[in-house]
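# Chain and residue survey
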Amino acid sequence: MRNVVFLFVTLIAHVSCIKFYLEPNSLKCLKEEVQANVLVVGEYEVSVTQAVKTEYIIKDSKGHILSRKDDIPHGKMLKFSFVTETYDTFEICFMAYAIQPSFSGNIKQIKQEVHLVTKRGIEAKNYEGIGEAAKLKPSEVELKRLEDLSEAIVQDFARMRKNEEEMRDTNEATNTRVLYFSIFSMCWLFVLSTWQVFYLRRFFKTKKLIE
């Protein structure tokens, strides 16, 4: 049972940490699927690099901008946050530009290090801040976190059940279509074979090969 609870905690309270390198005049994007009404919080840091301007933008699958920053200060840990309205795939892209085009050829070998941490669900909530604002005791804060975890698990079970029902309905509809298509194919083959028999019989009679 503990393993099951741990599995759902890892699914609901998701933390993603990644580090990659970004060359000048290049673009790198990351995609991730998120359920509806989920808080997503991210922290990112871009290493200090001379003569390079760095930007980031976060968009959903419809192209709506969820967050962006045009000129990222290098060497500082910055944050972003947004709440998803529907189940969707969001994309975060980091772009680097050489701000001195005449020297851009000399800095192609320079790489910026980008460190990105994203949190969603329960892990994205600041329960310490919630406790301080509501003047809650540590035990009450922990109960609040467990309550949110329980609610998230229930919602996840409901979502999984809905997905299972949709998949079952799709399978049943597909099986029905396959059955009708098989019956139609058999009837059509029967008609074609009957027509072929009559055609050949008429042809052979025309050639006087049979009576």
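Now for a quick tour of the structure. (Residues numbered from 1 in each chain as written. Predicted model: local features only at pLDDT ≥ 70, side-chain atom pairs only at ≥ 80, totals over all residues. Heavy atoms only, no water.)

## Brief notes about the overall build of the protein
Within the protein, the regular secondary structure consists of three helices and eight strands. Counting helices and strands in the order they occur from the N terminus, the protein gives α-β-β-β-β-β-β-β-β-α-α. Within the protein, the fraction of its 211 residues that count as buried is 27%. The contacts of the protein with a sequence gap of at least 6 include a subset with a gap of at least 24, amounting to 80%. When the accessible surface of the protein is totalled, it reaches about 15,500 Å², and 57% of it is carbon and sulfur. (Helix = DSSP H or I, 4+ residues; strand = E, 2+ residues; numbered from the N terminus. Buried < 20%, exposed > 50% of the residue type's maximum accessible area, 1.4 Å probe, protein only. Contact = heavy atoms within 4.5 Å. Areas by Shrake-Rupley, 256 points an atom, 1.4 Å probe, with all protein chains shown as cover.)

## Re the side chain of R120
Position of R120 relative to the elements: it lies in strand β8 (residues 112-120). Assessed through its relative accessible area of 16%, R120 is described here as buried. Side-chain polar atoms of R120 contact the side chain of E32, separated by 2.9 Å. At 2.7 Å, the side chain of R120 forms a polar contact with the backbone oxygen of E33. (Polar contact = N/O pair within 3.5 Å; in protein donor to acceptor, adjacent residues only side chain to side chain.)

## Some details on the environment of D71
Looking at the secondary structure, you find D71 in the loop between β5 (65-69) and β6 (78-83). Discounting chain neighbours no more than four positions away, the residues touching D71 are K53, T54 and E55.

## A short note on the nonpolar core
Ranked by size, the top nonpolar core spans 20 residues in total, and within it Y44, Y56, I58, I72, F80, I92 and F94 carry the most contacts. Per-element accounting of this core gives the leading share, four residues, to strand β7 (residues 88-98). In contact with Y56, other than residues within four places in its own chain, are Y44, S67, R68, K69, I72, F80, I92, C93, F94 and M95. With six residues, the next largest nonpolar core counts I122, Y127, V141 and L149 among its residues. (Core = buried A, V, L, I, M, F, W, Y, C linked by side-chain atoms within 4.5 Å.)

## Structural notes on the state of the cysteines
Overall, the coordinates contain one disulfide when judged by the stated rule. The disulfide that involves C29 links it to C93, with 2.0 Å between the sulfurs. With the S-S bond torsion at 110°, the cross-link from C29 to C93 turns out right-handed. Here the residue C29 occupies a position in strand β2 (residues 26-34), and C93 occupies one in strand β7, the gap between them amounting to 64 residues. (Disulfide = S-S within 2.5 Å.)

## Considering the packing of aromatic side chains
Aromatic ring pairs are described here by two measures, namely the spacing of the ring centres and the angle between the planes. As enumerated under the stated definition, the model contains ten aromatic pairs in all. Where Y44 meets F80, the ring centres are 6.1 Å apart and the plane angle is 35°; that geometry is what we call tilted. On the criterion of sequence distance, the pair formed by Y44 in strand β3 (residues 39-46) and F80 in strand β6 is long-range, its members being 36 residues apart. Taken together, the aromatic side chains of F20, Y44, Y56, F80, F82, F90 and F94 make up a single cluster linked through ring pairs. (Phe/Tyr/Trp six-rings, centres within 6.5 Å; stacked < 30°, edge-to-face > 60°.)

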